[in-house]
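The lines below spell out each chain.
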Amino acid sequence: MSNLQNGRPSLKTILKSSAVGGLAALMLTTGVAGPIAHSFATPVEVTAPQVPSFANVVDAVSPAVVSVRVQSNVQPASDDNSGYSFNFGGRGLDQLPDDHPLKRFFKEFGGPGAGEGDKRADRGPKAHRDGKGPLRPTAQGSGFFISEDGYIVTNNHVVDDGSAYTVVMNDGTELDAKLIGRDTRTDLAVLKVDVNRKFTYVQFADDSKIRVGDWVVAVGNPFGLGGTVTSGIVSARGRDIGSGPYDDYLQIDAAVNRGNSGGPAFNLNGEVVGINTAIFSPSGGNVGIAFAIPASVAKDVVQDLIKDGKVERGWLGVQIQPVSKDIAESLGLAEASGALVVAPQAGSPGDKAGIKQGDIITALNGDTVKDARDLSRRIGAMAPNTKVELSLWRGGKAHPVTVTLGDLASDDASKATASQNDDKGSQPSSEKALSSLGLTVAPSDDGAGLAITDVDPDSDAAARGLKTGEKITSVNNQQVASAADVEKILSQAKKDGRSKALFQIQTEDGSRFIALDIDQG
C-alpha cells in the first residue's frame, strides 16, 4: 500500500523521518550518542589575606586589666549640727519671730532654734556623729597593673573625691586598694593593692614609634561590663582637647565608652601605648573618637606618683599664648612659631630672669619651640631648679636668657592670680576715633591704657573679637595712654614696612594679644 495519499506523505512517514533526523543531529554534535550530564552552580569563594587575630594579645594582657570601683561618703542633708538631717528650713530660721509658724514647727521637731533642754528635739532623725554619711558607690572605671607588687594606673577623674577603692580582676577577684597619688594636670592616678601575691602586669610602649594607622586594642570596663575588648587604629597624634596645658593625646577609633576611663590601649605586642581618658560624643556613647594619654607622658608621671605620691614640675611663671601668622608679621618674625609672653608673673623665675611682656620665646636649650603648648610640656617635664637657656625675640632681635626653673607643685605662686582692674562704669568724655582701625578710644579711668568705647562692626577689629569695654594696654609692646600714642606707633610700623600691628587687649578674663591690619590707604 502506498504511503502517499493524494500526493501527500502520511503522519506515520513524517514521524519516522523526524526520529531519524534527530538521531543524526545528535550524532553530528556529539559523535556518539550518550547520556546528557546535568549542570550545578558552585558557591562563591574568595581567597583573601588573613587579618591578624587579637586573641593572643587579649589572652596575655587581660589578667593585668582591672575594673575600678569607687565609693564616697554620702554627705548628710544637714551639716549644721542641728540634729535634724533634712534641714528643710535652711540656716537663719532662728532669726524669724518667735511666733512664726516655721520657727515653731522646727523647734517642735528638732530643727534650728530648738533649745538644748527641749526633749522634743530628739524626735528628729540624727546625722552621723562624724558628720559623714555611709559609703556609697559613686564612680567606676578601669585600670591596669604596672608592677607585680600591685601598683595600678587609672585616671584621676575616676578616683577623684573617693574614700574607698575596690579593684575587680578578670577572674572576678575583688581586692581593696588605697590611693597612692594623683595628678590633676595629666588626669592620672596610682592605686596600690597590698596582698601577698604577684600580679600579672604590663609595661609602657615607646610611643614615639607609634604611627597613625597602627592597630590598637582597648580593654576595659564600659558600663560595668568588665573585660570588654574593642579594637581600632590610631587615628591621629598630638591632639589638644583643651583639658590642660599638657594635652598631647593619641586619638583612636576603638570603641571607648563610659567606664573605659583609666583603661589601657595596647599595641599588638601587648604594650600600653595610651590610657583611655576621654571621648568626643554628641550622644554620650561611642562615635569612634576617643583620646588616650600617650605612654611617654604617663610613664614619667606614674613613676613620680609611685615614688612619693606627687609630681614635681619645672615652673617658668609666665602667661603665654600661641603666635599666629598675623602676630609674627606684626613683630617682624619670619615664622609663626614660639610662645608669646602675655605677662610674666611678679616674682616668678621668668620675671627674675628679665622676660618681658610681648617677648616671644623661640627656643629652649637650643631647640625650636613649636608653640605655647610645646613650651608648657617641655618646661613641665623638667625638674625644679633646672637651669635652662631661652631665646627671646624682642624688638626685632634675638636675646638669650638663662632661667632657673621654680617648683610648680609646691609653689602656690604658680597659680595665676592676675588682678582685674577694668572699670566698665562711666566712660571718659575725651573720646578719640582711630578711623584706620575702626575703633573709638578714650583714656582709661585708672590711667593705664585706652578704653574701647566703640567698635565699627565692619572693621578688622570687630572681626577679631574686640568689644566695647575692653582696654588697649600696649601696641607693638609699647605702652599707650592716648590715641596719639597709638597713631605714632602705627606710623612707625608703616615706615618699617609692616602691614599689621600687635595690640595687647585687657579683658575681665585676662590679657591677650591681637594683630590688626594697618590702613595703608
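Summarised in this report is the structure supplied together with it.

1. Overview of the sheet that holds strand β12 (residues 264-266)
Logical step 1: Strands sit in the order β9-β10-β11-β14-β13-β12 around a closed barrel of six strands; the barrel is antiparallel. Across the sheet, the mean angle separating the axes of adjacent strands is 45 degrees when strand polarity is ignored.
Logical step 2: Two strands pair when backbone bridges link them, and β12 and strand β13 (residues 272-279) are joined in this way by three bridges, in the antiparallel orientation. Counted as the bridge partner of proline 264 is isoleucine 275 from β13.

2. A closer look at the sheet that holds strand β6 (residues 164-168)
Logical step 1: Within the closed barrel, the six strands sit side by side as β3-β4-β5-β8-β7-β6. Their pairing is antiparallel. When strand polarity is set aside, the average angle formed by the axes of neighbouring strands in this sheet is 40 degrees.
Logical step 2: Strand direction decides the pairing type here: strand β3 (residues 65-73) and β6, joined by five bridges, are antiparallel. Bridged to serine 67 within β6 is valine 168.
Logical step 3: Docked against the sheet, helix α5 (residues 295-308) engages β5 (151-155), β7 (174-183) and β8 (188-192), running at close to 45 degrees with respect to β8.

3. So, the nonpolar core
Looking at soluble globular proteins, one finds that nonpolar side chains tend to be buried together.
Logical step 1: Counting 28 residues, the largest nonpolar core has Phe144, Val153, Leu188, Val202, Phe204, Phe266 and Ile275 as its most contacted members.
Logical step 2: Residue assignment for this core shows that the elements contributing at least two residues are α2 (55-61), β5, β8, β9 (215-220), β13, β14 (290-294) and α5.
Logical step 3: Examining the composition of this core, we find that five residues originate from one element, α5, more than from any other.
Logical step 4: Among residues more than four places away in sequence, those in contact with phenylalanine 204 are Phe144, Ile146, Val272, Ile275, Ala295, Ala298, Lys299 and Val302.
Logical step 5: Of all hydrophobic cores here, the second largest spans 23 residues; its members include Val455, Phe503, Ile514 and Ile518.

4. Section: the packing of aromatic side chains
Logical step 1: Across all of its chains, the model carries four aromatic pairs by this definition.
Logical step 2: Here phenylalanine 54 and tryptophan 215 contribute two aromatic rings whose centre-to-centre distance is 5.2 Å and whose plane-to-plane angle is 65 degrees, an arrangement assigned as edge-to-face. Highlighted residues: phenylalanine 54 in the loop between α1 (11-30) and α2 and tryptophan 215 in strand β9, separated in sequence by 161 residues.
Logical step 3: The exposure class assigned to tryptophan 215 is partly exposed, which follows from its relative accessible area of 35%.

5. Some remarks on the pairing of β14
Logical step 1: Most of β14 is tucked away, with five of its five residues classed as buried.
Logical step 2: Strand direction decides the pairing type here: strand β11 (residues 249-252) and β14, joined by three bridges, are antiparallel. Looking at the pairing, isoleucine 252 lines up with alanine 290 of β14.

6. Let's talk about a nonpolar patch on the surface
Logical step 1: A contiguous nonpolar patch, built from Val51, Trp215 and Leu268 and spanning about 280 Å² of accessible area, is present on the exposed surface.
Logical step 2: As for its placement among the helices and strands, leucine 268 is situated in the loop between β12 and β13.
Logical step 3: On the accessibility criterion, leucine 268 (37% relative accessible area) is partly exposed.

7. A look at the pattern of salt bridges
Logical step 1: Under the defined criterion, the tally for this structure stands at 13 salt bridges.
Logical step 2: Lysine 500 serves as the salt-bridge partner of aspartate 326, at 3.4 Å between the closest nitrogen and oxygen. On the criterion of sequence distance, the pair formed by aspartate 326 in helix α6 (residues 325-330) and lysine 500 in strand β28 (residues 500-507) is long-range, its members being 174 residues apart.
Logical step 3: It is possible to trace a salt-bridge network through shared partners that takes in Asp326, Asp460, Arg464, Lys500 and Asp517.

8. A closer look at the side chain of serine 67
Logical step 1: Relative to the assigned elements, serine 67 resides in strand β3.
Logical step 2: Within the local environment of serine 67, its side chain forms a polar contact with the side chain of asparagine 221, the two groups lying 3.4 Å apart.
Logical step 3: Discounting chain neighbours no more than four positions away, the residues touching serine 67 are Gly141, Thr166, Val167, Val168, Asn221 and Gly226.

Rules behind the numbers
- For every chain, the first residue of the written sequence is number 1, and numbering continues from 1 onward in sequence order.
- Totals for whole chains, interfaces and linings use every residue, but because this is a predicted model, local features are given only for residues with pLDDT of at least 70 and side-chain atom pairs only at 80 or more, for both listing and counting.
- With hydrogens and water set aside, each side-chain value is computed from the structure's full complement of heavy atoms.
- By this definition, two strands are paired if DSSP reports at least two bridges between them.
- Here a helix means four or more residues in a row that DSSP labels H or I, a strand means two or more in a row labelled E, and each is numbered from the N terminus.
- Fitted lines through C-alpha atoms give the axes, limited to the stretch in contact for helices. The angle between two N-to-C directions lies from 0 to 180 degrees.
- Here, residues are in contact when the closest pair of their heavy atoms is within 4.5 Å.
- In plain words, nonpolar cores are sets of buried Ala, Val, Leu, Ile, Met, Phe, Trp, Tyr and Cys residues tied together by side-chain atoms within 4.5 Å.
- Only protein chains enter the calculation, and the probe is 1.4 Å; a residue is then buried if its accessible area is under 20% of its type maximum, exposed if over 50%, and partly exposed in between.
- The pairing test for Phe, Tyr and Trp rings, Trp by its six-membered ring, is centres within 6.5 Å, and the orientation test on the planes gives stacked under 30 degrees, edge-to-face over 60, and tilted for anything in between.
- A residue counts toward a patch only above 30% relative accessible area and without a salt bridge, and it is joined to like-charged neighbours within 9 Å or, for Val, Leu, Ile, Met, Phe, Trp and Tyr, to nonpolar neighbours within 5 Å.
- What sets the accessible areas is the Shrake-Rupley method with a 1.4 Å probe; for residues, cover comes only from the shown protein chains.
- Any carboxyl oxygen of Asp or Glu within 4 Å of a side-chain nitrogen of Lys or Arg constitutes a salt bridge here.
- Polar contact is the term for a pair of N or O atoms within 3.5 Å; when the atoms are in protein, one must be able to donate a hydrogen and the other to accept it, and sequence-neighboring residues count only if both atoms are side-chain atoms.

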